[in-house]
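Report on the structure
Next come the chains, spelled out residue by residue.
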Amino acid sequence: DAKTTQPTSMDCAEGRAANLPCNHSTISGNEYVYWYRQIHSQGPQYIIHGLKNNETNEMASLIITEDRKSSTLILPHATLRDTAVYYCIVRGVSGNTPLVFGKGTRLSVIA
Amino acid sequence: EPEVTQTPSHQVTQMGQEVILRCVPISNHLYFYWYRQILGQKVEFLVSFYNNEISEKSEIFDDQFSVERPDGSNFTLKIRSTKLEDSAMYFCASSNHGQGGGEQYFGPGTRLTVT
């Protein structure tokens, strides 16, 4: 079972920042937080991952609390194309550890 | 930008028939996976493959399923005798070992319809 808890759905106005929360209170010290998204029925798309420091890439920023029990994915300027289901996944460090998907957060970006 | 490709995009088959789903992972990746997603449900892990052998498999991956890397580029999933409940999107993914285990990159999927 997924080790994370996410809201079922969220709305965001186009052009505004989308902040997607995730709780992972049972995360272990060697587990990373990964974020993926799935647009309609396409294959899941990798967004970002981190261990304990905040991370930023061209798609998003990941903010992890100091106790590592929760995190927030930030899409700085949401567009209509960011409408998707966003998955927060906790994963161990082994190279072939599978991803365990929960139900995710359905983000709707509204014009 | 390199990507994972899958063929066919849609496969329709009759119950009891064998199907082979094909994937071409990203060329320098070493870890390969199959996942499936039944319509309206979560993405579920099936199997992982490394160094020409199965690393891990889920309860879903029973004796009806097998995987193979027949050459240096393809990675296949075979279902020997399909059942109605095998109807789903099947996603292939690949990764290279990296920090945190390496991010997995997914293909566009094959929609399998069993009639």
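Residues numbered from 1 in each chain as written. Chains lettered and ligands numbered in written order. Predicted model: local features only at pLDDT ≥ 70, side-chain atom pairs only at ≥ 80, totals over all residues. Heavy atoms only, no water.

A word on the overall build of chain A
The helix and strand tally for chain A stands at zero helices and nine strands. Computed over the C-alpha atoms, the radius of gyration of chain A is 13 Å, within 12% of the 13 Å expected from 2.2 N^0.38 for a compact globule of 111 residues. Each of the three principal axes of chain A carries a C-alpha extent, and together these read 40 × 30 × 25 Å. In chain A, the share of contacts with a sequence separation of at least 24, taken over all contacts with a separation of at least 6, comes to 56%. Summed over its atoms, the accessible surface of chain A is roughly 5,500 Å², and 48% of this surface lies on carbon and sulfur atoms. In chain A, which carries 10 positive and 9 negative side-chain charges, the distance between the mean positions of the two groups comes to 3 Å. (Helix = DSSP H or I, 4+ residues; strand = E, 2+ residues; numbered from the N terminus. Rg over C-alpha atoms; globule rule 2.2 N^0.38 Å. Contact = heavy atoms within 4.5 Å. Areas by Shrake-Rupley, 256 points an atom, 1.4 Å probe, with all protein chains shown as cover. Lys, Arg positive; Asp, Glu negative; His and termini not counted. Charge placed at Lys NZ, Arg CZ, Asp CG, Glu CD.)

Side note on the interface of chain A and chain B
Often the size quoted for an interface is simply the accessible area lost on bringing the parts together. Taken together, the contacts link 23 residues of chain A with 26 residues of chain B. Between the two partners, chain A and chain B, sit zero salt bridges. For the interface between chain A and chain B, the tally reads four residue pairs in polar contact (both at pLDDT 80 or more). Counting residues per element, the ones that place at least two in the side of chain A that touches chain B are strand E3 (32-38), strand E4 (45-50) and strand E8 (84-91) of chain A. Considering each element in turn, the side of chain A that touches chain B owes the most residues, four residues, to E3 of chain A. For the side of chain A that touches chain B, the residue count by class is 10 nonpolar, 11 polar and two charged. (Salt bridge = Lys/Arg side-chain N within 4 Å of Asp/Glu carboxyl O. Polar contact = N/O pair within 3.5 Å; in protein donor to acceptor, adjacent residues only side chain to side chain. Nonpolar A, V, L, I, M, F, W, Y, C, P; charged D, E, K, R; others polar.)

As for the sheet that holds strand E6 (residues 61-64) of chain A
Residue and element names in this part refer to chain A. Ordered in space as E2-E7-E6-E5, the four strands form an open sheet in which the pairing is antiparallel. Looking at strand neighbours, the two that pair on one side only are strand E2 (18-23) and strand E5 (55-56), the edges of this open sheet. Here E6 runs beside strand E7 (residues 70-75); their pairing, made up of four bridges, is antiparallel. Each residue of the ladder has a partner; that of Ser61, found in E7, is Ile74. (Pairing = 2+ DSSP bridges.)

Comments concerning the pairing of strand E5 (residues 43-50) of chain B
Residues and elements named next belong to chain B. Within E5, six of the eight residues are buried, which leaves the element mostly enclosed by the surrounding structure. Across seven bridges, the pairing between strand E4 (residues 31-37) and E5 is antiparallel. The residue bridging Phe32 from the neighbouring strand is Phe49, located in E5. The antiparallel hairpin formed by E4 and E5 contains five residues in its connecting segment, where Gly40 sits at a positive phi of about 85°. Across four bridges, the pairing between E5 and strand E6 (residues 53-57) is antiparallel. Bridge assignment links Val47 to a residue of E6, and that residue is Lys57. Here E5 folds back onto E6 in antiparallel fashion, the turn holding two residues, of which Asn51 has a positive phi close to 55°. (Buried < 20%, exposed > 50% of the residue type's maximum accessible area, 1.4 Å probe, protein only.)

Section: unusual backbone geometry
Of the consecutive residues Thr7 of chain B and Pro8 of chain B, the connecting peptide bond is found in the cis state with omega at -10°. Mapped onto the fold, Pro8 of chain B is located in the loop between strand E1 (5-7) and strand E2 (10-13). Phi angles above zero are rare outside glycine, and His40 of chain A is one such case at about 50°. Tracing the sequence through the fold places His40 of chain A in the loop between E3 and E4.

Some remarks on the state of the cysteines
The full count for this structure, using the stated rule, is two disulfides over all chains. Cys22 of chain A shares a disulfide with Cys88 of chain A; S-S distance 2.1 Å. Residues Cys22 of chain A and Cys88 of chain A are joined through a disulfide that is left-handed, its torsion about the S-S bond being -80°. With Cys22 of chain A in strand E2 and Cys88 of chain A in strand E8, this pair connects stretches of sequence that are 66 residues apart. By relative accessible area, which is 1% here, Cys22 of chain A ends up buried. Two residues share a disulfide in this structure: Cys23 of chain B and Cys92 of chain B, whose sulfurs sit 1.9 Å from each other. Linking Cys23 of chain B and Cys92 of chain B, the disulfide has an S-S dihedral of approximately -65° and is accordingly described as left-handed. One end of the pair, Cys23 of chain B, is in strand E3 (residues 19-24); the other, Cys92 of chain B, is in strand E9 (residues 88-95), and 69 residues separate them in sequence. For the residue pair Cys23 of chain B and Cys92 of chain B, the accessibility class agrees, reading buried in each case. Residue Cys12 of chain A stays outside any disulfide, its sulfur separated by 18 Å from that of Cys22 of chain A, the closest cysteine. (Disulfide = S-S within 2.5 Å.)

Purely spatial values, then, with no claim about function.
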